[in-house]
Amino acid sequence: MDDLIGAGDVDFVSACSSLLPMHTVSDMIGIDPKDREAVRQAAEALFAGKEEAVSTDLDSLTYMASQVELLRNAAIEIAEARRRKPQDDLMTNIVQAEVDGHRLTNEQVGAFMILLSSAGNDTTKQTTSHSMLALARHPDQKRWLLEDWDARIGGAVEEFIRWGSPVMDFSRTALRDTEIRGSHIRAGDKVGLFYCSGNRDAAVFENPDAFDITRTSNPHVGFGGGGVHYCLGSHVAKTQLRVLFHELLTRVPDVEIGEPVWLRNTFVHGIKHLPAHFPV
Ligand code: HEM
């Protein structure tokens, strides 16, 4: 925030949205602050290949593989250190946890880091950009929120998630035969889940295509529908959004937001660039 105040013209995505999520994951995992930026860039690379080529001399696949390796090794290094010398932190818990008498291997700790870097990064980042854009286009709602922040921010964050729906779809495999609105699904069938469609369901939401932080009922499926894969980081994400928007809206209330450049992607609902002016 200190860097943003008085910054003039910036791309809100690179100057703000893309910073907090991986800093949070890095802090949770125990990454040394001096390595935080390298880890953040590696996490960004996981999605960078989706639309445009990554600008590097190496070809994009080799580059992506090297960044995956960086994330994996960063977590394994900390896991090994915590096995030798436990501390009161999350990684110590991860390496000491036992399931059916087994502890996680380095390979599994590394895979968990990749999971956090993909699931915990682009999601909150995109929600931040979508919400900033929506609040700028609805100054009346921004004012309403600021009038009673503590009572209203909880509902507002739920609407940020529904409106942004950064994860648009996943496929899941049916475990047993079932029927959904007349469609027969057999055990073993792959089923496409469209969270973005569920979040605009006119049978569930009044005025589903409107951004409205005053909704009193908001049973969105932005974090999943409540099954075993329900978003593990939903509370982290909501806390990040709550804290970040408090700083943004109270410390720099008069930011001007320009026209977004959308990401062309069928999985992530994304904004690549969002011009912003932070008054000097
Ligand atoms: C606004 C932010 C976020 C959104 C919209 C989001 C959305 C989702 C969705 C839709 C799923 C699949 C749920 C299902 O199919 O039932 C998921 C899973 C997951 N999310 Fe998030 N997520 C967000 C933030 C985060 C953060 C910050 C983290 C970690 C720090 C995280 C970690 C995970 C993990 C590990 C899974 C896999 C859970 C499993 O398969 O058991 N997510 N998320």
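A brief report on the enclosed structure follows. (Residues numbered from 1 in each chain as written. Predicted model: local features only at pLDDT ≥ 70, side-chain atom pairs only at ≥ 80, totals over all residues. Heavy atoms only, no water.)

### Section: the overall build of the protein chain
Right, so step 1: Assigned secondary structure in the protein chain consists of eleven helices and nine strands.
Right, so step 2: Computed over C-alpha atoms, the radius of gyration of the protein chain comes to 20 Å, within 12% of the 19 Å expected from 2.2 N^0.38 for 280 residues, which places it in the range of a compact globule.
Right, so step 3: Summarising its shape, the C-alpha atoms of the protein chain cover approximately 55 × 55 × 40 Å along the three principal directions.
Right, so step 4: Taken across its 280 residues, the protein chain has 40% of its residues classed as buried. (Helix = DSSP H or I, 4+ residues; strand = E, 2+ residues; numbered from the N terminus. Rg over C-alpha atoms; globule rule 2.2 N^0.38 Å. Buried < 20%, exposed > 50% of the residue type's maximum accessible area, 1.4 Å probe, protein only.)

### Observations concerning the sheet that holds strand 6 (residues 256–257)
Right, so step 1: Strand order in the open sheet formed by three strands is 1-9-6, with antiparallel pairing between adjacent strands. The open sheet terminates on both sides in strands that have one partner only, identified here as strand 1 (8–11) and strand 6. (Pairing = 2+ DSSP bridges.)

### Quick notes on helix 8 (residues 139–147)
Right, so step 1: Along helix 8, the residues classified as buried are Gln 141, Lys 142 and Leu 145. Angularly, the buried residues of helix 8 cover 105 degrees about the axis, an arc narrow enough to put them on a single face. Within helix 8, the exposed residues directed more than 90 degrees away from the buried face are Arg 143 and Glu 147.
Right, so step 2: Elements in contact with the buried residues of helix 8: helix 7 (122–137), helix 9 (149–164) and helix 11 (234–251). (Arc of directions from axis to C-beta. Contact = heavy atoms within 4.5 Å.)

### Side note on the site of the ligand
Right, so step 1: As a structural note, the neighbourhood of the ligand is formed by 23 residues, with Ala 119, Arg 172, Tyr 195, His 229 and Cys 231 the closest of them.
Right, so step 2: Between Arg 172 and the ligand, the recorded distance is 2.7 Å, taken from a side-chain N or O atom to an oxygen atom.
Right, so step 3: A distance of 2.5 Å is found between an oxygen atom of the ligand and a side-chain nitrogen or oxygen belonging to Tyr 195.
Right, so step 4: Of all the elements in the fold, those that place two or more residues in the shell around the ligand are helix 6 (106–119), helix 7 and strand 2 (169–173).
Right, so step 5: Across the shell around the ligand, the residue classes tally to 14 nonpolar, eight polar and one charged. (Near = heavy atom within 4 Å. Polar contact = N/O pair within 3.5 Å; in protein donor to acceptor, adjacent residues only side chain to side chain. Nonpolar A, V, L, I, M, F, W, Y, C, P; charged D, E, K, R; others polar.)

### Describing the packing of helix 8 against helix 9
Right, so step 1: At a closest axis distance of 6 Å, the pairing of helix 8 and helix 9 adopts a crossing angle of 130 degrees. By the criterion of interaxial angle, the relationship of helix 8 to helix 9 is oblique. Contacts between helix 8 and helix 9 involve Trp 144, Leu 145, Leu 146 and Glu 147 on the former and, on the latter, Trp 149, Arg 152, Ile 153 and Ala 156.
Right, so step 2: Classifying every residue of the contact of helix 8 with helix 9 by side-chain character gives six nonpolar, no polar and two charged. (Axes fitted to C-alpha atoms, helices over the stretch in contact; angles between N-to-C directions. Parallel < 35°, antiparallel > 145°, perpendicular 65-115°, else oblique.)

### Considering the nonpolar core
Right, so step 1: Formed by 32 residues in total, the largest nonpolar core has its most connected members in Phe 12, Phe 160, Phe 245, Leu 248 and Phe 278.
Right, so step 2: Looking at this core, the elements that each hand over two or more residues are helix 1 (12–17), helix 7, helix 9, helix 11 and strand 9 (275–278).
Right, so step 3: Residues contacting Phe 160, with those up to four places away along its chain left out, are Thr 127, Ser 131, Leu 135, Phe 211, Ile 213 and Phe 245. (Core = buried A, V, L, I, M, F, W, Y, C linked by side-chain atoms within 4.5 Å.)

### A look at the coordination of the iron atom of the ligand
Right, so step 1: A lone protein donor contacts the iron atom of the ligand, and this donor is Cys 231 (SG), found at 2.3 Å.
Right, so step 2: Following the sequence through the fold, Cys 231 ends up in the loop between helix 10 (195–198) and helix 11. (Donors = N, O, S within 2.8 Å, 3.2 Å for Na, K, Ca; no water.)

### A closer look at the packing of aromatic side chains
Right, so step 1: Applying the stated criterion to the full structure yields six aromatic pairs.
Right, so step 2: Ring geometry for Phe 160 versus Phe 245: centroids 5.1 Å apart, planes at 50 degrees, classification tilted. Taken as a pair, Phe 160 in helix 9 and Phe 245 in helix 11 lie far apart in primary sequence, 85 residues in all. Note on accessibility: Phe 160 and Phe 245 belong to one class, buried. (Phe/Tyr/Trp six-rings, centres within 6.5 Å; stacked < 30°, edge-to-face > 60°.)

### Concerning the side chain of His 130
Right, so step 1: Tracing the chain through its elements places His 130 in helix 7.
Right, so step 2: What makes His 130 buried here is its relative accessible area of 3%.
Right, so step 3: If sequence neighbours within four positions are ignored, His 130 has contacts with Trp 163, Gly 164, Trp 262, His 269, Gly 270 and Ile 271.

### Points about the side chain of Arg 72
Right, so step 1: Position of Arg 72 relative to the elements: it lies in helix 4 (residues 60–84).
Right, so step 2: Arg 72 has contacts with Glu 107, Gly 110 and Ile 114, leaving out every residue within four places of it along the chain.

### What about the pattern of salt bridges?
Right, so step 1: What the rule picks out here adds up to 18 salt bridges.
Right, so step 2: We note a salt bridge from Arg 162 to Glu 159, for which the minimum N-O separation is 2.8 Å. Residue Arg 162 and its partner Glu 159 are located together in helix 9, separated by three residues, close to a single helical turn.
Right, so step 3: Judged by its relative accessible area of 0%, Arg 162 is buried.
Right, so step 4: A salt bridge links Asp 209 to Arg 200, with the nearest nitrogen and oxygen atoms 4.0 Å apart.
Right, so step 5: Its relative accessible area of 26% is what places Arg 200 among the partly exposed residues.
Right, so step 6: Residues participating in the shared-partner salt-bridge network are Asp 2, Glu 247 and Arg 251. (Salt bridge = Lys/Arg side-chain N within 4 Å of Asp/Glu carboxyl O.)

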